[in-house]
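Chain by chain, the residues:
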Amino acid sequence: MSVLIHVFVALHIIGIASLLGGFLTQMKAMGTGTARFSPAMLHGALTMLVTGIALVGFHQADDNPVNNVKIGIKLLILVVILALIYLKRDEEKVSKGAFAAVGGLTLANIFIATLWT
């Protein structure tokens, strides 16, 4: 089970890299008001959702403790990110506020994952 958990952690990190990378590559465009949500951002967020749910299940199946409050907050943040990206995915330009919100929420999710023990 340990190997499976590690594989899904790696996939989860790939998902966050895709989401954050999509945001970071368009920060200059955000400054000019021409930023848009890329498919990589949507796919990264979806990857995070699927692998995160799987990780919780694997940890519970392996009798490892799971902090349900932490996972619930991370899930709520990810659902907001997914909703923003999904609803605005076809727009040519996304408002600075919506784009910055996705970046800020993504960073919040990373810090919650790494600093909340």
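For clarity, every value in this text was computed on a predicted model and none was experimentally measured. (Residues numbered from 1 in each chain as written. Predicted model: local features only at pLDDT ≥ 70, side-chain atom pairs only at ≥ 80, totals over all residues. Heavy atoms only, no water.)

Engineer: Would you mind showing me how to read the overall build of the protein here?
Structural biologist: For the protein, the helix and strand inventory stands at five helices and zero strands. A globule of 117 residues ought to have a C-alpha radius of gyration of about 13 Å, and the protein, at 15 Å, matches this closely. Out of the 117 residues belonging to the protein, those deemed buried represent 35%. Taking the contacts inside the protein whose residues are at least 6 apart along the sequence as the reference set, 81% of them involve residues at least 24 apart. Accessible area for the protein stands at about 6700 Å²; split by element, carbon and sulfur atoms hold 72% of it. Between the centroid of the 8 positive side chains of the protein and the centroid of its 5 negative side chains there is a distance of 13 Å. (Helix = DSSP H or I, 4+ residues; strand = E, 2+ residues; numbered from the N terminus. Rg over C-alpha atoms; globule rule 2.2 N^0.38 Å. Buried < 20%, exposed > 50% of the residue type's maximum accessible area, 1.4 Å probe, protein only. Contact = heavy atoms within 4.5 Å. Areas by Shrake-Rupley, 256 points an atom, 1.4 Å probe, with all protein chains shown as cover. Lys, Arg positive; Asp, Glu negative; His and termini not counted. Charge placed at Lys NZ, Arg CZ, Asp CG, Glu CD.)

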